[in-house]
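Fold and contact review
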Amino acid sequence: MMTDHTHEDVLTIHNHEGKTDQRTNRQRPRERDENVTKRRSVPRQGDAHYFTNPFSFALELGFFAGLIWGGIHWLFHFLHFTVVPVGFLAEPFFKHKYIYTPAGHLTGWLCFIVFSIFASLLYTFTIRKLKGPFPGMVYGIVWWVILFILLGPKLGMMKPLNQLTWDSIFTEICFFLLWGLFIGYTVAMEYTDERKREPEHAGA
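The present account deals with the structure reproduced in this document. On a predicted model such as this, the values are computed, not experimentally measured, just so you know. (Residues numbered from 1 in each chain as written. Predicted model: local features only at pLDDT ≥ 70, side-chain atom pairs only at ≥ 80, totals over all residues. Heavy atoms only, no water.)

**Points about the overall build of the protein**
Within the protein, the secondary structure is distributed over 6 helices and 2 strands. In the protein, the order of α-helices and β-strands from amino to carboxyl end is β-β-α-α-α-α-α-α. When the 204 residues of the protein are sorted by exposure, 33% land in the buried category. Here the analysis covers contacts within the protein between residues at least 6 apart in sequence; of these, 65% occur between residues at least 24 apart. A total of about 13,900 Å² of accessible surface is found on the protein, and carbon and sulfur atoms cover 64% of it. (Helix = DSSP H or I, 4+ residues; strand = E, 2+ residues; numbered from the N terminus. Buried < 20%, exposed > 50% of the residue type's maximum accessible area, 1.4 Å probe, protein only. Contact = heavy atoms within 4.5 Å. Areas by Shrake-Rupley, 256 points an atom, 1.4 Å probe, with all protein chains shown as cover.)

What follows is the structure in structure tokens.
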């Protein structure tokens, strides 16, 4: 006569001493709790950005923002889209003729990288929770106003606006708008839920 185990199956395990050890195939409550805890402790996809170190992230972002957009600004000046050289930030510290030499362009490029690192740190530690592309664009325009209207002409970085060409003015506005967008939206992607709006990979 066969006996049905209605509640749980019994597993019989023989150890090396010849004794039997009977265990159930069901997990004990404590083991189940530990497994649940382990599953919950594993970060889900897209959650890792909440643990990014703001300082190191801002340093890296600022370096690449200065490297990439400093090169683009040099290209704009080389193609005569703007009369403002890439080394305009170094103008108060070096002779004017030096800024237009190859070494001066490189020095100005390095100064723009340092400036971008500072701007990235400032953005990350003040308004990194703002979402969308518009805060970064506004941030870039604010820096354009500071440099080209408030401080730049007084420090000799560039001529006043009424002495610049219209091509230079529009080029510099667009440049700083895109530069600010690069910094602001990158920060938003890292520290807000903007990443969740991106299409997910199939099967993810």
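From this point on, the discussion continues.
**A closer look at the nonpolar core**
Nonpolar side chains in soluble globular proteins tend to end up buried together. Counting 26 residues, the largest nonpolar core has F88, F115, W143, L147, F148, F176 and W179 as the members making the most contacts within it. For this core, the elements supplying multiple residues, two or more each, are α2 (54-78), α4 (102-127), α5 (134-155) and α6 (166-191). Here this core takes 7 residues from α6, the largest share from any one element. Apart from residues lying up to four places away in sequence, W179 is in contact with A65, W69, F112, F115, S116, A119, G140 and W143. (Core = buried A, V, L, I, M, F, W, Y, C linked by side-chain atoms within 4.5 Å.)

**Structural notes on the environment of A90**
Relative to the assigned elements, A90 resides in the loop between α2 and α3 (96-99). On the basis of relative accessible area, A90 is assigned to the buried category, the value being 0%. When sequence neighbours within four positions are dropped, the list of residues in contact with A90 reads I99 and C111.

**With respect to the packing of α4 against α6**
Axis separation between α4 and α6 bottoms out at 11 Å; the angle between their running directions is 45°. Judged by the inter-axis angle, α4 sits oblique to α6. Relative to α6, α4 is oriented so that their crossing is right-handed. Residues F112, F115, S116, A119, S120, Y123 and T124 of α4 touch α6, and the partners they reach there are F175, F176, W179, I183, G184, V187 and Y191. Here the contact of α4 with α6 is built from residues that sort into 10 nonpolar, 4 polar and no charged. (Axes fitted to C-alpha atoms, helices over the stretch in contact; angles between N-to-C directions. Parallel < 35°, antiparallel > 145°, perpendicular 65-115°, else oblique. Left-handed = near helix turned anticlockwise from the far one by under 90°. Nonpolar A, V, L, I, M, F, W, Y, C, P; charged D, E, K, R; others polar.)

**Things to note about a nonpolar patch on the surface**
Nonpolar side chains collect at one region of the surface, where W74, L75, F78, L79 and F81 lie side by side and expose about 480 Å² of accessible area between them. Relative to the helices and strands, L79 is located in the loop between α2 and α3. Exposure remark for L79: the relative accessible area of 43% places this residue in the partly exposed category. (Patch = residues over 30% accessible without salt bridge, like charges linked within 9 Å, V, L, I, M, F, W, Y side chains within 5 Å. Salt bridge = Lys/Arg side-chain N within 4 Å of Asp/Glu carboxyl O.)

**Let's talk about the packing of aromatic side chains**
Inspection of the entire model under this criterion finds 21 aromatic pairs. Between F88 and F148, the ring centres sit 5.9 Å apart and the planes meet at 45°, which makes this aromatic pair tilted. One end of the pair, F88, is in the loop between α2 and α3; the other, F148, is in helix α5, and 60 residues separate them in sequence. Classification of F148 as buried rests on a relative accessible area of 1%. For R128, the ring lying beneath its charged end belongs to Y191, and the centroid distance is 5.2 Å. (Phe/Tyr/Trp six-rings, centres within 6.5 Å; stacked < 30°, edge-to-face > 60°. Lys NZ or Arg CZ within 6 Å of the ring centre and 35° of its normal.)

**A word on the packing of α5 against α6**
A pair of packed helices is captured by two measures, namely the crossing angle of their axes and the spacing between those axes. Contact pair α5 / α6: the axes reach a minimum separation of 6 Å and the direction vectors enclose 135°. With respect to each other, α5 and α6 are oriented oblique. In this structure, α5 meets α6 at a crossing whose hand is right-handed. The residues of α6 that touch α5, namely those facing G136, M137, G140, I141, W143, W144, L147 and F148, are I169, E172, I173, F176, L177, W179, G180, L181 and G184. A per-class count over the contact of α5 with α6 returns 12 nonpolar, 4 polar and 1 charged.

**So, α2**
Taking 1.5 Å as the rise per residue, α2 with 25 residues should run 36 Å; its terminal C-alpha atoms sit 35 Å apart, in good agreement. In this structure, the buried side of α2 is in contact with α4 and α6. Two or three places before F55, at the start of α2, stands the capping residue N53, its side-chain oxygen 3.0 Å from that residue's backbone nitrogen. Following α2 by one or two positions, H80 has its phi on the positive side, about 65°. (Expected span 1.5 Å × (residues − 1). Polar contact = N/O pair within 3.5 Å; in protein donor to acceptor, adjacent residues only side chain to side chain.)

No statement about biological role is implied by the geometric values presented.
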